[in-house]
There are 2 protein chains.
Amino acid sequence: MLGLMQAVPLTVDRIFDHAATWHGSREVVSRDADGLVTRATYAGIHADAKRVSNALAAAGIRPGDRVATMGWNSARHLAAWYGTSGMGAVLHTLNPRLFLEQIAYIANHAGDRLLIADPGLADLVGELLALVPSIERVVFFCDGASLPETAYPALAFDDWIAPFPAEHAWGQFDENTACGLCYTSGTTGNPKGVLYSHRSNYIHALMTLQRDALGLSARDTVLLVVPMYHANAWGVVFSAPAVGAKLVLPGQRMDGESIYNLIESEGVTYSAAVPTVWQMLLQYLEESGKRFTTLERVTIGGSACPESIVRKFRDTYGVDVIQGWGMTETSPLGTVSVPNAAVAAMNDAEQMAYKLKQGRLLCGLEMKLVDDAGQRLPHDGKTPGRLMIKGPTIAAGYFGGEGGEVLDEQGFFDTGDVSTIDAQGYMQITDRAKDVIKSGGEWISSIEIENIALGHPAVAQAAVIGVAHPKWDERPVLICQLKPGAAATAADLIAWLDGRISRWWMPDDVLFVDEVPLGPTGKIDKKAIRARLTGYILPFAADN
Amino acid sequence: MLGLMQAVPLTVDRIFDHAATWHGSREVVSRDADGLVTRATYAGIHADAKRVSNALAAAGIRPGDRVATMGWNSARHLAAWYGTSGMGAVLHTLNPRLFLEQIAYIANHAGDRLLIADPGLADLVGELLALVPSIERVVFFCDGASLPETAYPALAFDDWIAPFPAEHAWGQFDENTACGLCYTSGTTGNPKGVLYSHRSNYIHALMTLQRDALGLSARDTVLLVVPMYHANAWGVVFSAPAVGAKLVLPGQRMDGESIYNLIESEGVTYSAAVPTVWQMLLQYLEESGKRFTTLERVTIGGSACPESIVRKFRDTYGVDVIQGWGMTETSPLGTVSVPNAAVAAMNDAEQMAYKLKQGRLLCGLEMKLVDDAGQRLPHDGKTPGRLMIKGPTIAAGYFGGEGGEVLDEQGFFDTGDVSTIDAQGYMQITDRAKDVIKSGGEWISSIEIENIALGHPAVAQAAVIGVAHPKWDERPVLICQLKPGAAATAADLIAWLDGRISRWWMPDDVLFVDEVPLGPTGKIDKKAIRARLTGYILPFAADN
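Quick look at the structure, then. (Residues numbered from 1 in each chain as written. Chains lettered and ligands numbered in written order. Predicted model: local features only at pLDDT ≥ 70, side-chain atom pairs only at ≥ 80, totals over all residues. Heavy atoms only, no water.)

**What about the overall build of chain A?**
Applicable threshold: Helix numbering and strand numbering both begin at the N terminus, where a helix is a DSSP run of H or I of at least 4 residues and a strand a DSSP run of E of at least 2. With C-alpha atoms as the basis for the radius of gyration, the globule rule is written as 2.2 Å multiplied by the number of residues raised to the power 0.38. Each residue is placed in one exposure class: buried if its accessible area under a 1.4 Å probe, protein chains only, is under 20% of its type's maximum, exposed if it is over 50%, and partly exposed if it falls in between. Only heavy atoms enter the contact rule, under which two residues are in contact if any of them lie within 4.5 Å.
Counting its secondary structure elements, chain A contains 16 helices and 25 strands. Here the C-alpha atoms of chain A give a radius of gyration of 24 Å, agreeing with the 24 Å that 2.2 N^0.38 yields for 544 residues. Dimensions of chain A, computed from C-alpha atoms along their principal axes, come out at roughly 75 × 60 × 50 Å. Here chain A holds 544 residues, and the buried ones make up 59% of them. Restricting to contacts in chain A with at least 6 residues of sequence separation, those with at least 24 account for 66%.

**Description of the environment of B:Gln210**
As a reminder of what qualifies: In protein, a polar contact requires one atom able to donate a hydrogen and another able to accept it; more generally it is a pair of N or O atoms within 3.5 Å, and residues adjacent in sequence count only if both atoms are side-chain atoms.
With respect to the element layout, B:Gln210 can be found in the loop between helix H7 (198–208) and strand E10 (221–224). For B:Gln210, a relative accessible area of 4% puts it in the buried group. It is 15 Å that separates the C-alpha atoms of B:Gln210 and B:Val298, two residues lying 88 residues apart in sequence. Among residues more than four places away in sequence, those in contact with B:Gln210 are A:Leu206, A:Leu209, A:Val243, B:Gly215 and B:Cys363. Of the polar contacts made by the side chain of B:Gln210, one reaches the backbone oxygen of B:Met207; its length is 3.1 Å.

**So, the sheet that holds strand E6 (residues 137–140) of chain B**
All names here are of chain B. Note the cut-off: We treat two strands as partners when DSSP finds at least two bridges between them. Think of each axis as a best-fit line through the C-alpha atoms, taken over the contacting stretch in the case of a helix, with angles from 0 to 180 degrees between the N-to-C directions.
In spatial order, the strands read E7-E6-E5-E3-E4-E8-E9; together these 7 strands make up an open sheet with mixed pairing. With one partner strand each, in any of the chains shown, strand E7 (155–156) and strand E9 (192–197) form the two edges of the open sheet. Relative to strand E4 (residues 90–93), strand E3 (residues 66–70) runs parallel, the two being bridged by 4 bridges. In the sheet register, Val67 faces E4, and the bridge partner there is Leu91. Each of E3, strand E5 (114–117) and E6 touches helix H5 (residues 122–131); the most contacted strand, E6, lies at about 170° to it. Seen against the sheet, H7 touches strand E8 (178–184) and E9 and runs at an angle of roughly 75° to E9.

**Here's the deal with helix H4 (residues 100–110) of chain B**
Residue and element names in this part refer to chain B. Defined as follows: Working definition: the arc comes from the directions between the helix axis and the C-beta atoms, pointing outward to the latter.
Taken as a whole, H4 has its buried residues at Leu100, Ile103, Ala104, Ile106, Ala107 and Ala110. Projected onto a plane normal to the axis of H4, the buried residues spread over an arc of 165° and lie on a single side. Where H4 is buried, its residues touch E3, E4, H5 and E8. Downstream of H4 by one or two residues, Gly111 has phi in the positive range, about 70°.

**Considering helix H1 (residues 13–22) of chain B**
Counting buried positions over the 10 residues of H1(B) gives 7, a clear majority of the element. When H1(B) is considered as a whole, its buried residues turn out to be B:Asp13, B:Ile15, B:Phe16, B:His18, B:Ala19, B:Ala20 and B:Trp22.

**Concerning the pairing of strand E3 (residues 66–70) of chain A**
All names here are of chain A. Basically, it comes down to this: We call a crossover right-handed when, viewed with both strands directed away from the observer, the connection leading from the first strand over the helix to the second proceeds clockwise.
Burial analysis of E3 places 5 of its 5 residues in the buried class, which makes it a mostly covered element. Burial along E3 is two-sided: the face carrying Arg66, Ala68 and Met70 and the face carrying Val67 and Thr69 are both buried. Taken together, E3, helix H3 (residues 75–86) and strand E4 (residues 90–93) form a β-α-β motif whose crossover is right-handed. Examined bridge by bridge, E3 and strand E5 (residues 114–117) share 4 bridges and lie parallel to one another. Bridged to Val67 within E5 is Leu114.

**Thoughts on the pairing of strand E18 (residues 385–390) of chain B**
Residue and element names in this part refer to chain B. Most of E18 sits out of view: 5 of its 6 residues are buried. Across 5 bridges, strand E17 (residues 366–370) lies against E18 in antiparallel orientation. When the sheet's bridge partners are listed, Leu369 is paired in E18 with Leu387.

**Focus on the interface of chain A and chain B**
The parts lose accessible area when they come together, and the size of an interface is often stated as this lost area. So the rule is basically this: By definition, the buried area sums, over both parts, the 1.4 Å-probe accessible area that each loses when the two are put together. Between Lys or Arg on one side and Asp or Glu on the other, a salt bridge is scored when a side-chain nitrogen of the former is within 4 Å of a carboxyl oxygen of the latter. For this classification, the nonpolar set comprises Ala, Val, Leu, Ile, Met, Phe, Trp, Tyr, Cys and Pro, the charged set comprises Asp, Glu, Lys and Arg, and every other residue, Gly included, is treated as polar.
Between chain A and chain B, the contact holds 77 residues from the first and 77 residues from the second. Approximately 5700 Å² of surface area, both sides summed, lies buried where chain A meets chain B, with 60% of it carried by carbon and sulfur atoms. Between B:Asp220 and A:Arg211 there is a salt bridge, and its shortest N-O distance comes to 3.0 Å. Seen at the junction of chain A and chain B, the total is 32 residue pairs in polar contact (both at pLDDT 80 or more). Element by element, the count of residues in the side of chain A that touches chain B is highest for helix H7 (residues 198–208) of chain A, at 6 residues. Of the residues that constitute the side of chain A that touches chain B, the class distribution is 42 nonpolar, 21 polar and 14 charged.

**Describing the packing of aromatic side chains**
Test applied: Side-chain rings of Phe, Tyr and Trp, where Trp is taken by its six-membered ring, are said to pair if the distance between their centres is within 6.5 Å; with planes under 30 degrees apart they count as stacked, over 60 as edge-to-face, and otherwise as tilted. Placement of a charge over a ring requires the Lys NZ or Arg CZ to be within 6 Å of the ring centre, with the centre-to-atom vector within 35 degrees of the ring normal.
Per the counting criterion, the structure on display carries 32 aromatic pairs over all chains. An aromatic cluster is present here, built from A:Tyr260, A:Trp278, A:Tyr284, A:Phe292, A:Phe313 and A:Tyr317 joined pairwise through their rings. One residue, B:Arg500, lies across the ring of B:Trp496, its end atom 3.7 Å from the ring centre.

**Some points on the side chain of A:Lys368**
All names here are of chain A. Structurally, Lys368 can be placed in strand E17 (residues 366–370). Note on Lys368: relative accessible area 3%, which makes it buried. A distance of 3.2 Å separates polar atoms of two side chains, one belonging to Lys368 and the other to Gln410. Look past the residues within four positions of Lys368 in its chain and what remains in contact with it is Arg376, Arg386, Leu387, Met388, Asp408, Gln410 and Phe412.

**Some points on the relation of the copies chain A and chain B**
Put simply, the second copy of the chain is the first one after a rotation about an axis and a shift along it. Selection rule: The superposition of copies rests on a least-squares fit of C-alpha positions from residues with pLDDT of 70 or more in both.
When chain A is fitted to chain B, the best match, at an RMSD of 0.2 Å, comes from turning it 180° and sliding it 0.1 Å along the axis. Here the two chains are linked by the operation of a two-fold rotation axis.

**Here's the deal with unusual backbone geometry**
Trans is the prevailing form of peptide bonds, just as negative phi is the prevailing case for residues other than glycine. The omega torsion across A:Ser331 and A:Pro332 is 10°, close enough to zero to call that bond cis. Among the structural elements, A:Pro332 can be located in the loop between strand E14 (320–326) and strand E15 (333–336). Look at B:Asn232: it is not a glycine, yet its phi comes out positive at around 60°. On the secondary structure map, B:Asn232 appears in the loop between E10 and helix H8 (236–243). When its relative accessible area of 5% is taken as the criterion, B:Asn232 is described as buried. Within the chain, B:Trp234 stands out as a residue other than glycine whose phi angle is a positive 60°. Tracing the chain through its elements places B:Trp234 in the loop between E10 and H8.

Any link to function would need more than the numbers given here.
Listed below in structure tokens is the structure:
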């Protein structure tokens, strides 16, 4: 027997209709590359998004076609986002920080027909056009006066949409219709595309709006530091309009001073960011002696947040730093490290241990730890296992069938992360599966050693790599980048780690580098480090 | 093109699986009619719910069959709830406070095959069995020792489920499968059944978990005063387990002292209740001089909450009273009166005006005001219109086709309420469509006059009824019940209203009664008042 409730599909155009109808005058503030701040409203962007739908239709874009954007966070980007998905086309967010060849591979793989890009990327777009024949048309996120001069035909966004009416019938399709496409950077093999549905994005928005998740409210002013080309910007592109939060879109400039000024001038209460940006902001605060007057809380994700940042923000600046975990394939939010009742009742030191984990699972998802044979492992906070996840916001496969079957027999997706889950349900990533160091049949967590090494006052970046060892299979080596002007020896680092990690986890060597290589998304590029270590032989390996 | 996300259906068994897996040790506290408090956990109730599924299957209950419960809020009731819906049967919550004939009508209409009832209702169940031949089996929410002696065969819940294993394959069906059935009290015609789906209940739970809705967290202890037989207990039966909030189920006793003691002994932080219970609680606090030590906020719904209650709780007891609006057909939450940014920036007096409205629409729903011809009316805070609502949590029709087609051409459901919507998006109920007083072609809000009359220190209850008038069609009459020991004259009441309402809204008469009649759900029974007023003639009607 079926229920007798309304068959209203969960399509994201309804979220933006809601914002325009019930929070129409709420501001969306954009800052461009020159620092110029422009103000729009949800109602105004909604009208522009409708114009985008009409402009796309006039350009021959049909439902299911891929429309690429490549730009920083801005109101125009938001209009393109909803204008594309609202008419049933697929918004494909390209990451401009990838290498040209990667972007070209991705755009070709997606079969993008139209590209809307930041005017500052005009040269990159030109190179791209030569490599991606499917792109028929280029539009730049700007007005006519700012249109860059290019050797190829291009339109200014404002001129492109201006002739069209602000009316277009959105939605009216199955909620499982593809909504957005985002490629993972692909640590092994080629980048793979995650094809979000309207349903998955809508449910993800609702899941993340819980008080124990991002907890946005109509009273929040949200600084969206996470780029819109990173996994739906953690869904904030949907959740902020859903509740009528004011949205502040910082464009390209991510230095501490720019971010700080935007927070203060716009009265930001909440932000979502990766730790590197937050570290730069912290540095600026310490150097300038400035303080926040409105900021309340920040969700940090993308990689683990060092304890020093969490403490500094909380104790010195009164800002609650909340870790989250997710990935492109999980829409992205999977866990959030907010206290449950038992943790909230603990003392500060005990609570901090939980705060530094990646957190508790959102309702709507299932999560399990398994060994290499796929058997479930205990939630004892000690046993590491492959982290598997399931739910309506989790990928079932990749665009074009890349990567083949990615779910196990119970329908769980393999995150490629190795983690523990404790008795309170808190998940902690201990490694990427490919980075875990297998020594004498046991797993050593490279991330845990890195985090402790980062606590040394002289260390700016730390990476731990497994190096082949004749007896133990692999042994850890610590690669350190020191802070400018700081000094430390290998013996200093070993002494620092001593007592803080198990004796058998102790790195067999400490190497110093000028710069730990970072990938295009700001994460440590261990592939590059391994390449550099080719031919390296552990000291005394033969003796061990 | 369809997205490539996991096809995981939104079925409510997943919510309870989540609670058992990730919040398994979180307590569910029940108090029975004798005041005895028992403690269970989500994991324990989950196991019992699985046993219920097996017991139902053994009793020949198949998916789609209706299983009725008739009882107060308790852990056993919760186990019956999830055990029934988890195996695909339909949980039909009967309201024991209705008249026998109404309950019999409803149970017959639903075709209930099995009835699980509170042992205190054994006599009522006996009478019911004589009238409802479809009920094959009776179970009482109790252990074997507490099984009431009855002339008909009955089982104790604990004995009934004990033989069965705590394993049963839940879900595995379409998310649109019927989940629960709840009849509206039916102000006109027969009661009509709202048939919730798993999807509608799941989406409703997510919608209400927003910080700007009920905003429950894992750290909350929730006192569920709203009965589970009232529209999913406002969805808290789903939302509290979803986040791992501790649940306190108060059973039948709703007097101020019982409620207060439970709040204090269990550390309640949040509650959901109708105003009458909260008024009794306030009275107890004032008489006893007691104060709350843990309570933070309360959602009030079912009828408008007088300003005096809102102020007293906030100013004297530090508890935030938040109004909500909804109905059985809306799952039930539709609007919540939490401040948006503009309202939050206002001064206290201005904010209070919004706090007393029924509030802002939840994202996921659409709402409109229309005139009698179905044309949209402005959101100016002044123009009253019929309130229409649409969304995946809103009824599309009634069980068995009762009431026929209930949606307009755009798919909106007619709430039967008359309301205004202001420029900030706040909806305020001004009347039930059938209670609105039409005087000289304009609408007079009976509710607004009642609320103001209730502000008079001597008035305990107030009802405003339209009475036929030869010139103006209808004129308002105020019916008052005074507080014990208090005194006031008709002239006092008229003087109180003078200046607080428009002159042409002024009641033509004030009548005093010992008791304003209340319906079975605690709302003023205007049908009964109108019946009593039969033959009443307005004073001076001929002169006006």
